[in-house]
Amino acid sequence: MSIDVLQPVQPPVDGALRLCVDNLSVLRGGRRVLDRVSFSLSAGRALVVTGPNGAGKSTLLRALAGLLPRAGGSIALEGGPPDVELPQQAHYLAHNDGLKSALTIEENLDFWARYLAQEPDARSHTIDAALAIVGLGHVAAAPFGVLSAGQKRRAALARLLVAFRPLWLLDEPLTALDRASREKFAVAMSDHCAQGGLIVAATHEPLGLDEAASLALGGAS
Ligand SMILES: Nc1ncnc2c1ncn2[C@@H]1O[C@H](COP(=O)(O)OP(=O)(O)OP(=O)(O)O)[C@@H](O)[C@H]1O
């Protein structure tokens, strides 16, 4: 199978990255869902985005991932390679797991690792290592489609590990995870931050990170 590859991402200078969101406004269906949202996040830090249903958490993540246009304001990942766009420096984990039902978990992760065209980087995990971290080594050869809901989410989280991207954008990452899996993923998130990564996570539940900053969005619908 031949696949188009994204531009390789050079590892950022540790500690130099900073996500800066300034007066961000986003419309959905003509309605201003995000109105002049501002925050900044340094390398090594995590931001937990909270708010009631409809507050705009997914909208914020999609805008950061470059999937929704801005109605105003700016988004910048400062300190990274100037010729690489922000979405190519990010992993975006949506509600959808982003894996193919008919492919095995190994095949899915192999696709993502090659698609993301990672240069050799000590911060990327092998597929075996990523599966071990999320506790799916025993079902590596099973089609993604036959997994349980929690196993599917764990496979989606393994996708974050097989190619290093400094910025993780996570929409309800803990959905369907049992307690042990949540604890393991909390360790993976801490490790990512310790490596100079940044995390923006929308969640209704505690992420298990001790020192995460928080951003509360208002306005339910
Ligand atoms: N394609 C769309 N067209 C019109 N309105 C939309 C569209 N997508 C989302 N919205 C609206 O935008 C608002 C924000 O939705 P969003 O999914 O960002 O909320 P959320 O905070 O992530 O909610 P939840 O906690 O339920 O996941 C909601 O009122 C939603 O109905």
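Keep in mind it's a predicted model, so treat the numbers as computed, not measured.

Engineer: I'd like to hear about the overall build of the protein chain, residue by residue, with values.
Structural biologist: Scanning the protein chain for helices and strands turns up five helices and eight strands. Reading the secondary structure of the protein chain in the N-to-C direction produces β-β-β-α-β-β-α-α-α-β-α-β-β. Against the 2.2 N^0.38 benchmark of 17 Å for 221 residues, the protein chain shows a C-alpha radius of gyration of 17 Å, consistent with a compact globule. Here the C-alpha coordinates of the protein chain stretch approximately 45 × 35 × 35 Å along the principal axes.

Engineer: Tell me about the packing of helix 3 (residues 127-134) against helix 4 (residues 149-161), and please be specific about residues and values.
Structural biologist: Packing of helix 3 against helix 4 brings their axes to within 9 Å, and their N-to-C directions diverge by 135°. Regarding the angle of helix 3 to helix 4, the classification is oblique. At the point where helix 3 passes helix 4, the crossing takes the right-handed sense. Judged by residue contacts, A130, I133 and V134 of helix 3 engage R154, L157, A158 and L161 from helix 4. Taken together, the residues that form the contact of helix 3 with helix 4 break down as six nonpolar, no polar and one charged.

Engineer: A description of the pattern of salt bridges should follow, citing residues and the corresponding values.
Structural biologist: Two side chains bearing opposite charge may form a pair once their charged atoms approach each other closely. Per the stated rule, a full pass over the model turns up six salt bridges. Between D110 and R114 there is a salt bridge, with its nearest N and O atoms 3.2 Å apart. Note that D110 and R114 are positioned in helix 2 (residues 105-115) at a spacing of four residues, about one turn of the helix. Exposure remark for D110: the relative accessible area of 30% places this residue in the partly exposed category.

Engineer: Any chance you could break down the packing of helix 2 against helix 3 for me, citing the residues and the numbers?
Structural biologist: Helix 3 packs onto helix 2 with a crossing angle of 120° between their chain directions and a minimal axis gap of 10 Å. Compared by their axis directions, helix 2 and helix 3 come out oblique. Helix 3 is crossed by helix 2, and the crossing has right-handed handedness. Only I127, D128 and L131 of helix 3 make contact with helix 2, whose side of the interface consists of I105, E106, L109 and D110. Split into classes, the residues belonging to the contact of helix 2 with helix 3 amount to four nonpolar, no polar and three charged.

Engineer: Lay out the sheet that holds strand 4 (residues 72-78) in plain terms, naming residues and giving numbers.
Structural biologist: Sheet strands pair via backbone hydrogen bonds, and the direction of the pair is either parallel or antiparallel. Reading across from one edge, 2-1-4 is the order of the three strands in this open sheet, with antiparallel pairing throughout. If you trace the sheet from one side to the other, it starts and ends with strand 2 (31-42) and strand 4, each paired once. This sheet shows a mean twist of 20° between the axes of neighbouring strands, independent of strand direction. Bridging between strand 1 (residues 18-28) and strand 2 involves eight bridges; their strand directions are antiparallel. The partner of R18 across the bridge, within strand 2, is S42. Here helix 1 (residues 57-64) sits on the sheet in contact with strand 1, strand 2 and strand 4, set at roughly 120° to strand 1.

Engineer: I'd like a description of the sheet that holds strand 7 (residues 198-202), backed by residues and values.
Structural biologist: Judged by pairing direction, the sheet is parallel, and its five strands sit side by side in the order 5-6-7-3-8 without closing on themselves. Two strands lie at the open edges of the sheet, namely strand 5 (90-93) and strand 8 (213-216), each paired on one side alone. Averaged over all pairs of adjacent strands, the angle between strand axes in this sheet comes to 15°, irrespective of strand direction. Pairing of strand 6 (residues 167-171) with strand 7 involves five bridges; the strand directions are parallel. Paired with L167 across the strands is L198, a residue of strand 7.

Engineer: An account of the packing of aromatic side chains is needed here, citing residue identities and associated values.
Structural biologist: The final tally for this structure, using the stated rule, is four aromatic pairs. Consider the rings of F111 and W112, whose centres lie 5.4 Å apart with planes at 75°: the pair is edge-to-face. Each ring, one from W168 and one from F185, has its centre 6.3 Å from the other, and the planes form 5°; the classification is stacked. Of this pair, W168 sits in strand 6 while F185 sits in helix 5 (residues 179-194); the two residues are 17 residues apart in sequence, bridging distant segments of the chain. Accessibility classification places W168 together with F185 in one group, the buried group. Through pairs of rings, three or more aromatic residues link up here, namely F111, W112 and Y115. Note that K152 overlies the ring of F144, its terminal NZ or CZ placed 5.7 Å from the centroid. Here R159 stacks its cationic end above the ring of W112, 4.9 Å away from the centre of that ring.

About the thresholds
- Residues numbered from 1 in each chain as written.
- Predicted model: local features only at pLDDT ≥ 70, side-chain atom pairs only at ≥ 80, totals over all residues.
- Heavy atoms only, no water.
- Helix = DSSP H or I, 4+ residues; strand = E, 2+ residues; numbered from the N terminus.
- Rg over C-alpha atoms; globule rule 2.2 N^0.38 Å.
- Axes fitted to C-alpha atoms, helices over the stretch in contact; angles between N-to-C directions.
- Parallel < 35°, antiparallel > 145°, perpendicular 65-115°, else oblique.
- Left-handed = near helix turned anticlockwise from the far one by under 90°.
- Contact = heavy atoms within 4.5 Å.
- Nonpolar A, V, L, I, M, F, W, Y, C, P; charged D, E, K, R; others polar.
- Salt bridge = Lys/Arg side-chain N within 4 Å of Asp/Glu carboxyl O.
- Buried < 20%, exposed > 50% of the residue type's maximum accessible area, 1.4 Å probe, protein only.
- Pairing = 2+ DSSP bridges.
- Phe/Tyr/Trp six-rings, centres within 6.5 Å; stacked < 30°, edge-to-face > 60°.
- Lys NZ or Arg CZ within 6 Å of the ring centre and 35° of its normal.

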